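Examining the three-dimensional arrangement
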Amino acid sequence: MSKFHAQANWDRARRYQATIAAKGAVITDADYLQSAETLLDLYGEDIRARAFTTQDPLRGEQMLRPDFTVPIVQQHMAFGAEPARYTYMGKVFRKQEVDEARPSEFVQVGFEVFDGSDVAAADAEVFATFAEILADVPVSPVTGDIGILRAAVTGLKTTEHRRAALLRHLWRPRRFKALLDRFGGVTPVPAARAALLADADPLAKLPAVLGLRSESEIALRIEALRDDAAAEPISHMERDLLDALLKVRETAPNALALLGDIAVDLPSISTAVDGFSARLDALSKHGINVEELPFEASYGRTSMEYYDGFVFGFSAAPNLNIPPVATGGRYDALTTVLGAGKGVPAVGGVIRPDLVAIAEAVQ
Ligand SMILES: N[C@@H](Cc1c[nH]c[nH+]1)C(=O)O
(Lines give C-alpha, C1' and ligand atoms only; values in the text may rest on other atoms or scores of the structure.)
Protein backbone atom coordinates (compact mmCIF):
# COMPACT_ATOMS: atom_id res chain seq x y z
CA MET A 1 0.00 0.00 0.00
CA SER A 2 1.36 3.41 -0.92
CA LYS A 3 2.32 5.86 1.78
CA PHE A 4 -0.46 8.18 0.68
CA HIS A 5 -3.08 5.47 1.01
CA ALA A 6 -1.71 4.34 4.33
CA GLN A 7 -1.94 7.85 5.76
CA ALA A 8 -5.42 8.43 4.42
CA ASN A 9 -6.42 5.11 5.92
CA TRP A 10 -5.15 5.97 9.39
CA ASP A 11 -6.78 9.42 9.18
CA ARG A 12 -10.04 7.78 8.35
CA ALA A 13 -9.57 5.25 11.17
CA ARG A 14 -8.98 8.08 13.65
CA ARG A 15 -12.14 9.83 12.51
CA TYR A 16 -14.21 6.69 12.99
CA GLN A 17 -12.68 6.10 16.39
CA ALA A 18 -13.48 9.66 17.44
CA THR A 19 -17.15 9.04 16.54
CA ILE A 20 -17.20 5.88 18.66
CA ALA A 21 -15.34 7.53 21.54
CA ALA A 22 -17.88 10.37 21.47
CA LYS A 23 -20.53 7.75 22.30
CA GLY A 24 -18.79 7.09 25.58
CA ALA A 25 -16.37 4.32 24.59
CA VAL A 26 -13.00 4.21 26.34
CA ILE A 27 -9.98 3.92 24.02
CA THR A 28 -8.16 0.64 24.57
CA ASP A 29 -5.64 -1.57 22.77
CA ALA A 30 -4.39 -5.16 22.56
CA ASP A 31 -0.92 -6.64 22.17
CA TYR A 32 0.12 -7.75 18.69
CA LEU A 33 1.25 -11.10 20.03
CA GLN A 34 -1.42 -13.23 21.68
CA SER A 35 -1.31 -16.71 23.12
CA ALA A 36 -2.35 -19.12 20.38
CA GLU A 37 -2.53 -21.91 22.94
CA THR A 38 -5.28 -20.31 24.99
CA LEU A 39 -7.10 -18.20 22.42
CA LEU A 40 -6.86 -19.57 18.89
CA ASP A 41 -9.54 -22.25 19.30
CA LEU A 42 -12.09 -19.62 20.31
CA TYR A 43 -12.24 -18.30 16.75
CA GLY A 44 -13.20 -21.53 15.01
CA GLU A 45 -11.94 -23.37 11.99
CA ASP A 46 -11.54 -20.57 9.45
CA ILE A 47 -9.40 -18.29 11.59
CA ARG A 48 -7.53 -21.22 13.13
CA ALA A 49 -6.25 -21.98 9.64
CA ARG A 50 -5.50 -18.34 8.87
CA ALA A 51 -3.66 -17.11 11.97
CA PHE A 52 0.07 -16.36 11.74
CA THR A 53 1.60 -18.37 14.56
CA THR A 54 5.10 -18.50 15.94
CA GLN A 55 6.95 -19.99 18.86
CA ASP A 56 8.16 -18.06 21.92
CA PRO A 57 10.62 -19.95 24.12
CA LEU A 58 8.96 -18.74 27.34
CA ARG A 59 5.38 -18.09 26.37
CA GLY A 60 4.72 -21.00 24.04
CA GLU A 61 2.86 -20.72 20.78
CA GLN A 62 1.98 -17.13 19.95
CA MET A 63 -0.09 -15.62 17.15
CA LEU A 64 -0.37 -12.20 15.55
CA ARG A 65 -3.76 -11.00 16.74
CA PRO A 66 -6.37 -12.19 14.23
CA ASP A 67 -8.85 -9.79 15.82
CA PHE A 68 -9.27 -7.54 18.86
CA THR A 69 -12.48 -8.93 20.29
CA VAL A 70 -10.98 -12.00 21.95
CA PRO A 71 -8.07 -10.16 23.67
CA ILE A 72 -10.39 -7.35 24.71
CA VAL A 73 -12.88 -9.78 26.24
CA GLN A 74 -9.95 -11.36 28.08
CA GLN A 75 -8.83 -7.95 29.39
CA HIS A 76 -12.32 -6.95 30.36
CA MET A 77 -13.06 -10.20 32.20
CA ALA A 78 -9.79 -9.85 34.13
CA PHE A 79 -9.83 -6.14 34.93
CA GLY A 80 -13.04 -4.45 33.76
CA ALA A 81 -16.23 -3.51 35.55
CA GLU A 82 -19.69 -3.44 34.00
CA PRO A 83 -21.04 -1.73 32.12
CA ALA A 84 -18.13 -0.90 29.83
CA ARG A 85 -17.72 0.41 26.32
CA TYR A 86 -14.40 0.19 24.49
CA THR A 87 -13.02 1.33 21.18
CA TYR A 88 -9.76 0.27 19.54
CA MET A 89 -7.92 0.86 16.30
CA GLY A 90 -5.09 -1.11 14.76
CA LYS A 91 -4.01 -3.85 12.44
CA VAL A 92 -5.15 -7.45 12.53
CA PHE A 93 -3.46 -10.30 10.66
CA ARG A 94 -4.99 -13.17 8.68
CA LYS A 95 -3.45 -15.35 6.02
CA GLN A 96 -5.13 -15.18 2.61
CA GLU A 97 -5.35 -18.37 0.65
CA VAL A 98 -7.84 -17.61 -2.06
CA ASP A 99 -7.64 -14.03 -3.28
CA GLU A 100 -4.21 -12.46 -3.71
CA ALA A 101 -5.76 -9.00 -3.93
CA ARG A 102 -6.87 -9.20 -0.31
CA PRO A 103 -4.33 -8.00 2.24
CA SER A 104 -3.11 -10.24 5.05
CA GLU A 105 -2.92 -7.31 7.44
CA PHE A 106 -5.49 -4.55 7.66
CA VAL A 107 -6.72 -1.82 9.96
CA GLN A 108 -9.88 -2.28 11.99
CA VAL A 109 -11.64 0.26 14.18
CA GLY A 110 -13.83 -1.45 16.73
CA PHE A 111 -16.53 -0.90 19.30
CA GLU A 112 -17.32 -3.42 22.07
CA VAL A 113 -20.18 -3.04 24.55
CA PHE A 114 -20.27 -5.09 27.78
CA ASP A 115 -23.67 -4.27 29.17
CA GLY A 116 -26.37 -6.71 30.22
CA SER A 117 -28.95 -4.15 31.30
CA ASP A 118 -30.80 -4.24 27.98
CA VAL A 119 -29.36 -6.54 25.31
CA ALA A 120 -31.71 -5.36 22.55
CA ALA A 121 -30.67 -1.77 23.23
CA ALA A 122 -26.97 -2.71 23.21
CA ASP A 123 -27.36 -4.57 19.88
CA ALA A 124 -29.13 -1.55 18.44
CA GLU A 125 -26.54 0.88 19.81
CA VAL A 126 -23.68 -0.97 18.12
CA PHE A 127 -25.49 -1.39 14.80
CA ALA A 128 -26.65 2.24 14.78
CA THR A 129 -23.11 3.48 15.48
CA PHE A 130 -21.75 1.76 12.36
CA ALA A 131 -24.82 2.82 10.36
CA GLU A 132 -24.10 6.42 11.36
CA ILE A 133 -20.43 6.21 10.36
CA LEU A 134 -21.50 4.72 7.03
CA ALA A 135 -24.46 7.03 6.44
CA ASP A 136 -23.00 8.55 3.24
CA VAL A 137 -21.22 5.46 1.95
CA PRO A 138 -22.87 3.27 -0.71
CA VAL A 139 -23.21 0.09 1.35
CA SER A 140 -26.19 -2.01 2.35
CA PRO A 141 -26.77 -3.61 5.72
CA VAL A 142 -27.74 -7.18 6.42
CA THR A 143 -28.65 -8.70 9.76
CA GLY A 144 -29.07 -12.18 11.19
CA ASP A 145 -29.30 -13.99 14.51
CA ILE A 146 -27.13 -16.97 15.40
CA GLY A 147 -29.12 -17.28 18.65
CA ILE A 148 -32.25 -18.26 16.71
CA LEU A 149 -30.32 -20.95 14.81
CA ARG A 150 -28.76 -22.31 18.00
CA ALA A 151 -32.14 -22.40 19.73
CA ALA A 152 -33.62 -24.30 16.78
CA VAL A 153 -30.90 -26.97 16.93
CA THR A 154 -31.04 -27.18 20.72
CA GLY A 155 -34.79 -27.83 20.51
CA LEU A 156 -34.54 -30.79 18.11
CA LYS A 157 -35.99 -33.98 19.56
CA THR A 158 -32.90 -36.11 19.14
CA THR A 159 -29.85 -37.29 21.05
CA GLU A 160 -27.56 -34.88 22.86
CA HIS A 161 -24.70 -36.16 20.72
CA ARG A 162 -26.52 -35.21 17.51
CA ARG A 163 -27.51 -31.77 18.76
CA ALA A 164 -23.91 -31.10 19.78
CA ALA A 165 -22.59 -32.25 16.39
CA LEU A 166 -25.06 -29.99 14.56
CA LEU A 167 -24.15 -27.01 16.77
CA ARG A 168 -20.45 -27.58 16.11
CA HIS A 169 -21.07 -27.58 12.38
CA LEU A 170 -23.49 -24.67 12.34
CA TRP A 171 -20.65 -22.65 10.81
CA ARG A 172 -20.18 -24.91 7.81
CA PRO A 173 -23.52 -24.88 5.98
CA ARG A 174 -22.71 -27.78 3.67
CA ARG A 175 -21.45 -30.08 6.41
CA PHE A 176 -24.41 -29.08 8.56
CA LYS A 177 -26.83 -30.06 5.78
CA ALA A 178 -25.04 -33.37 5.20
CA LEU A 179 -25.23 -34.17 8.93
CA LEU A 180 -28.87 -33.24 9.10
CA ASP A 181 -29.60 -35.52 6.13
CA ARG A 182 -27.73 -38.34 7.79
CA PHE A 183 -29.44 -37.86 11.14
CA GLY A 184 -32.74 -37.71 9.31
CA GLY A 185 -32.07 -41.04 7.60
CA VAL A 186 -32.13 -39.36 4.18
CA THR A 187 -28.60 -40.42 3.32
CA PRO A 188 -27.66 -43.93 4.43
CA VAL A 189 -24.79 -44.66 6.80
CA PRO A 190 -21.70 -45.24 4.57
CA ALA A 191 -21.32 -48.96 3.73
CA ALA A 192 -17.87 -49.33 5.34
CA ARG A 193 -19.14 -47.83 8.58
CA ALA A 194 -22.27 -50.00 8.57
CA ALA A 195 -20.10 -53.10 8.17
CA LEU A 196 -17.78 -52.01 10.95
CA LEU A 197 -20.69 -51.39 13.32
CA ALA A 198 -22.32 -54.72 12.47
CA ASP A 199 -19.14 -56.60 13.36
CA ALA A 200 -19.20 -58.27 16.79
CA ASP A 201 -15.53 -57.42 17.40
CA PRO A 202 -14.64 -54.48 15.15
CA LEU A 203 -11.40 -53.71 16.97
CA ALA A 204 -9.93 -57.07 15.99
CA LYS A 205 -10.16 -56.09 12.33
CA LEU A 206 -8.44 -52.73 12.65
CA PRO A 207 -4.73 -52.41 11.99
CA ALA A 208 -2.74 -52.21 15.23
CA VAL A 209 -1.39 -48.73 14.63
CA LEU A 210 -4.07 -46.21 13.79
CA GLY A 211 -2.24 -42.97 14.18
CA LEU A 212 -2.90 -41.04 17.34
CA ARG A 213 -5.95 -42.76 18.74
CA SER A 214 -5.63 -45.37 21.46
CA GLU A 215 -7.62 -48.59 21.37
CA SER A 216 -9.92 -47.41 24.16
CA GLU A 217 -10.61 -44.16 22.29
CA ILE A 218 -11.52 -46.13 19.20
CA ALA A 219 -13.76 -48.41 21.26
CA LEU A 220 -15.57 -45.39 22.70
CA ARG A 221 -15.99 -43.89 19.26
CA ILE A 222 -17.43 -47.12 17.90
CA GLU A 223 -19.84 -47.25 20.81
CA ALA A 224 -20.95 -43.68 20.10
CA LEU A 225 -21.45 -44.53 16.41
CA ARG A 226 -23.48 -47.61 17.38
CA ASP A 227 -25.69 -45.55 19.70
CA ASP A 228 -26.13 -43.07 16.90
CA ALA A 229 -27.05 -45.75 14.38
CA ALA A 230 -29.68 -47.02 16.83
CA ALA A 231 -31.23 -43.57 17.43
CA GLU A 232 -34.52 -42.59 15.80
CA PRO A 233 -34.06 -40.38 12.74
CA ILE A 234 -34.76 -36.66 13.19
CA SER A 235 -38.33 -36.29 11.94
CA HIS A 236 -39.25 -35.02 8.53
CA MET A 237 -41.22 -32.23 10.16
CA GLU A 238 -38.30 -30.98 12.23
CA ARG A 239 -35.98 -31.08 9.24
CA ASP A 240 -38.50 -29.16 7.14
CA LEU A 241 -38.84 -26.57 9.89
CA LEU A 242 -35.09 -26.16 10.09
CA ASP A 243 -34.89 -25.85 6.29
CA ALA A 244 -37.64 -23.24 6.29
CA LEU A 245 -35.86 -21.35 9.05
CA LEU A 246 -32.50 -21.35 7.27
CA LYS A 247 -34.14 -20.01 4.11
CA VAL A 248 -35.70 -16.96 5.78
CA ARG A 249 -34.42 -13.97 3.83
CA GLU A 250 -36.76 -11.03 4.02
CA THR A 251 -37.17 -7.53 5.31
CA ALA A 252 -37.03 -7.63 9.10
CA PRO A 253 -40.81 -7.34 9.73
CA ASN A 254 -41.57 -10.12 7.21
CA ALA A 255 -38.81 -12.26 8.67
CA LEU A 256 -40.25 -11.72 12.14
CA ALA A 257 -43.68 -12.87 10.93
CA LEU A 258 -42.23 -15.98 9.27
CA LEU A 259 -40.15 -16.85 12.33
CA GLY A 260 -43.23 -16.40 14.50
CA ASP A 261 -45.02 -18.99 12.34
CA ILE A 262 -42.08 -21.40 12.55
CA ALA A 263 -41.97 -20.93 16.33
CA VAL A 264 -45.49 -22.38 16.63
CA ASP A 265 -44.07 -25.78 15.62
CA LEU A 266 -40.55 -25.20 16.90
CA PRO A 267 -41.18 -23.53 20.27
CA SER A 268 -37.52 -23.68 21.28
CA ILE A 269 -36.90 -20.57 19.15
CA SER A 270 -39.68 -18.47 20.77
CA THR A 271 -37.50 -16.64 23.27
CA ALA A 272 -34.89 -15.82 20.62
CA VAL A 273 -37.61 -14.61 18.24
CA ASP A 274 -39.00 -12.37 21.00
CA GLY A 275 -35.45 -11.01 21.36
CA PHE A 276 -35.37 -10.29 17.63
CA SER A 277 -38.66 -8.39 17.97
CA ALA A 278 -37.33 -6.35 20.91
CA ARG A 279 -34.20 -5.56 18.90
CA LEU A 280 -36.28 -4.18 16.02
CA ASP A 281 -38.02 -1.84 18.46
CA ALA A 282 -34.67 -0.74 19.85
CA LEU A 283 -33.29 -0.19 16.33
CA SER A 284 -36.31 1.96 15.50
CA LYS A 285 -35.59 4.10 18.53
CA HIS A 286 -32.11 4.67 17.10
CA GLY A 287 -33.67 5.95 13.87
CA ILE A 288 -33.00 2.79 11.82
CA ASN A 289 -35.63 2.11 9.18
CA VAL A 290 -36.44 -1.46 10.22
CA GLU A 291 -39.19 -1.77 7.61
CA GLU A 292 -36.48 -2.00 4.97
CA LEU A 293 -33.78 -3.70 7.03
CA PRO A 294 -32.75 -7.04 5.47
CA PHE A 295 -32.69 -10.12 7.71
CA GLU A 296 -31.15 -13.41 6.57
CA ALA A 297 -31.43 -16.32 8.97
CA SER A 298 -28.24 -17.88 7.59
CA TYR A 299 -26.22 -14.68 7.79
CA GLY A 300 -23.02 -14.95 9.81
CA ARG A 301 -22.75 -18.72 9.51
CA THR A 302 -19.32 -18.55 7.95
CA SER A 303 -17.55 -15.97 10.09
CA MET A 304 -16.24 -15.81 13.62
CA GLU A 305 -17.51 -18.85 15.51
CA TYR A 306 -17.94 -16.94 18.76
CA TYR A 307 -21.15 -15.23 17.68
CA ASP A 308 -24.25 -16.51 19.45
CA GLY A 309 -26.90 -13.81 18.91
CA PHE A 310 -27.39 -10.77 16.69
CA VAL A 311 -25.02 -10.55 13.70
CA PHE A 312 -24.72 -7.81 11.10
CA GLY A 313 -22.66 -6.59 8.19
CA PHE A 314 -22.51 -3.66 5.77
CA SER A 315 -21.55 -4.62 2.23
CA ALA A 316 -20.46 -2.64 -0.81
CA ALA A 317 -21.78 -3.43 -4.30
CA PRO A 318 -21.13 -7.12 -5.15
CA ASN A 319 -19.16 -6.27 -8.30
CA LEU A 320 -16.45 -4.68 -6.14
CA ASN A 321 -15.74 -8.16 -4.78
CA ILE A 322 -14.59 -6.99 -1.36
CA PRO A 323 -15.51 -8.33 2.08
CA PRO A 324 -18.14 -6.42 4.12
CA VAL A 325 -16.78 -3.02 5.17
CA ALA A 326 -18.17 -3.43 8.70
CA THR A 327 -19.28 -6.52 10.62
CA GLY A 328 -20.14 -7.52 14.15
CA GLY A 329 -22.34 -9.41 16.49
CA ARG A 330 -23.16 -10.65 19.96
CA TYR A 331 -20.80 -13.04 21.74
CA ASP A 332 -22.21 -13.70 25.24
CA ALA A 333 -20.79 -17.23 25.60
CA LEU A 334 -17.25 -16.11 24.77
CA THR A 335 -17.25 -13.91 27.87
CA THR A 336 -18.21 -16.93 29.99
CA VAL A 337 -15.35 -18.98 28.54
CA LEU A 338 -12.79 -16.22 29.13
CA GLY A 339 -14.38 -15.16 32.43
CA ALA A 340 -13.88 -18.58 34.04
CA GLY A 341 -17.61 -19.26 34.11
CA LYS A 342 -18.75 -15.75 34.91
CA GLY A 343 -20.10 -14.15 31.75
CA VAL A 344 -21.51 -10.79 30.78
CA PRO A 345 -23.71 -10.04 27.75
CA ALA A 346 -21.52 -8.43 25.08
CA VAL A 347 -21.82 -7.18 21.52
CA GLY A 348 -19.54 -5.29 19.18
CA GLY A 349 -18.34 -4.69 15.68
CA VAL A 350 -15.53 -3.41 13.49
CA ILE A 351 -15.16 -1.21 10.45
CA ARG A 352 -12.34 -1.36 7.89
CA PRO A 353 -11.29 2.07 6.62
CA ASP A 354 -9.46 0.59 3.59
CA LEU A 355 -12.67 -1.05 2.37
CA VAL A 356 -14.81 2.02 3.02
CA ALA A 357 -12.40 3.99 0.80
CA ILE A 358 -12.90 1.45 -2.00
CA ALA A 359 -16.68 1.56 -1.59
CA GLU A 360 -16.66 5.37 -1.65
CA ALA A 361 -14.39 5.62 -4.69
CA VAL A 362 -17.08 4.22 -6.98
CA GLN A 363 -19.64 6.82 -6.01
N1 LIG B 1 -13.74 -9.10 15.83
C2 LIG B 1 -14.69 -9.28 14.75
C3 LIG B 1 -15.65 -8.14 14.68
C4 LIG B 1 -16.36 -7.91 15.97
C5 LIG B 1 -16.09 -7.03 16.94
N6 LIG B 1 -16.97 -7.25 17.92
C7 LIG B 1 -17.77 -8.21 17.58
N8 LIG B 1 -17.39 -8.64 16.40
C9 LIG B 1 -13.94 -9.41 13.45
O10 LIG B 1 -12.77 -9.12 13.38
O11 LIG B 1 -14.54 -9.82 12.46
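What you see as residue numbers is a count from 1 along each chain, following the sequence as written. The model is predicted, so local features are restricted to residues of pLDDT at least 70 and side-chain atom pairs to those at 80 or more, both for listing and for counting; the totals for chains, interfaces and linings are taken over all residues. Derived side-chain values reflect all non-hydrogen atoms in the structure, with water molecules and hydrogen atoms excluded from consideration.

- Per an unreviewed UniProt entry, the chain is named ATP phosphoribosyltransferase regulatory subunit, and its organism is Octadecabacter temperatus.

1. Quick word on the overall build of the chain
- Helix and strand definitions here come from DSSP, where helices need a minimum of 4 consecutive H or I residues and strands a minimum of 2 consecutive E residues; each element is numbered from the N-terminal end. From N to C terminus, the chain includes 16 helices and 12 strands.
- A radius of gyration in this sense is built from C-alpha atoms; the matching globule rule multiplies 2.2 Å by the number of residues raised to 0.38. In terms of overall dimensions, the chain is globule-like: its C-alpha atoms have a radius of gyration of 22 Å, near the 21 Å expected for 363 residues.
- Across its three principal directions, the C-alpha atoms of the chain cover 70 × 55 × 45 Å.
- For the chain, the residues scored as buried account for 45% of the 363 residues in total.
- We call two residues in contact whenever any of their non-hydrogen atoms come within 4.5 Å of each other. A fraction of 70% describes how many contacts in the chain between residues 6 or more apart in sequence connect residues 24 or more apart.
- Accessible surface, the chain as shown: approximately 18,100 Å² in total, 55% of it carbon and sulfur.
- Charge-centre separation for the chain: the mean point of 38 positive side chains lies 3 Å from the mean point of 49 negative side chains. When a residue's accessible area, from a 1.4 Å probe over protein chains only, is under 20% of the maximum for its type it is buried; when over 50% it is exposed; and in between it is partly exposed. Accessible surface area values rest on a Shrake-Rupley calculation with a 1.4 Å probe, where residue burial reflects the displayed protein chains alone. Under the counting rule used here, the positive set is Lys and Arg, the negative set is Asp and Glu, and His together with the chain ends is not counted. Just so you know, the charge point we use is NZ for Lys, CZ for Arg, CG for Asp and CD for Glu.

2. Here's the deal with the nonpolar core
- The nonpolar core is taken to be a set of buried Ala, Val, Leu, Ile, Met, Phe, Trp, Tyr and Cys residues, with the residues joined through side-chain atoms within 4.5 Å. Ranked by size, the top nonpolar core spans 101 residues in total, and within it Phe114, Leu134, Leu166, Ile269, Phe314, Val325 and Ile351 carry the most contacts.
- Top contributing element to this core by residue count: helix 5 (residues 119–133), with eight residues.
- Once you skip the residues sitting within four places of it in the chain, Val325 turns out to touch Leu134, Val139, Phe314, Val350, Ile351, Arg352, Leu355, Val356 and Ala359.

3. Focus on helix 13 (residues 252–265)
- Between its terminal C-alpha atoms helix 13 stretches 21 Å, which fits the 20 Å expected from 14 residues at 1.5 Å a residue.
- Of all the residues in helix 13, the buried ones are Ala252, Ala255, Leu259, Ile262 and Ala263. In a view along the axis of helix 13, the buried residues occupy a sector of 105°, so they form one face of it. Exposed residues pointing more than 90 degrees away from the buried face of helix 13 are listed as Asp261 and Val264.
- Summarising the contacts, the buried residues of helix 13 are in contact with helix 6 (146–154), helix 12 (236–247), strand 8 (249–251), helix 14 (270–285) and strand 9 (294–296). Take the number of residues in a helix, subtract one, and multiply by 1.5 Å to get its expected span. Working note: the arc is built from the helix axis to C-beta atom directions.

4. Section: the site of the ligand
- Any residue with a heavy atom lying within 4 Å of a molecule or strand is counted as near it. If you check the shell around the ligand, you find 16 residues, and the closest are Asp67, Thr69, Arg94, Glu112 and Tyr307.
- Measuring from an oxygen atom of the ligand, one finds a side-chain N or O atom of Arg94 at 2.8 Å.
- One of the side-chain N or O atoms of Tyr306 is found 2.9 Å from a nitrogen atom in the ligand.
- Isolated, the ligand exposes 300 Å² of accessible area, and the fraction of that covered by the protein chains is 96%.
- Elements with a minimum of two residues in the shell around the ligand: strand 6 (105–114), strand 11 (326–330) and strand 12 (346–351).
- Each residue gets one of three labels, nonpolar for Ala, Val, Leu, Ile, Met, Phe, Trp, Tyr, Cys and Pro, charged for Asp, Glu, Lys and Arg, and polar for the others, Gly among them. Class assignment of the residues belonging to the shell around the ligand gives a composition of six nonpolar, seven polar and three charged. Polar contacts, as counted here, are pairs of nitrogen or oxygen atoms within 3.5 Å of one another; within protein the pair requires one atom able to donate a hydrogen and one able to accept it, and residues that are adjacent in sequence qualify only if both atoms are side-chain atoms.

5. A closer look at the pattern of salt bridges
- Between Lys or Arg on one side and Asp or Glu on the other, a salt bridge is scored when a side-chain nitrogen of the former is within 4 Å of a carboxyl oxygen of the latter. Scanning the entire structure with this criterion turns up 23 salt bridges.
- In this structure, Glu305 engages Arg172 in a salt bridge whose closest nitrogen and oxygen atoms are separated by 2.9 Å. Residue Glu305 is located in the loop between strand 9 and strand 10 (310–315), and its partner Arg172 is located in the loop between helix 7 (160–168) and helix 8 (173–183); the two are separated by 133 residues in the primary sequence.

6. Some remarks on the pairing of strand 6
- Of all 10 residues in strand 6, nine are buried; the element is thus mostly enclosed.
- Here, any two strands with at least 2 DSSP bridges between them count as paired. Summarising the sheet, strand 5 (residues 84–93) and strand 6 pair through 10 bridges and their orientation is antiparallel. When the sheet's bridge partners are listed, Ala84 is paired in strand 6 with Phe114.
- Here strand 6 runs beside strand 12; their pairing, made up of six bridges, is antiparallel. Its bridge partner being in strand 12, Phe114 is matched across the sheet by Ala346.

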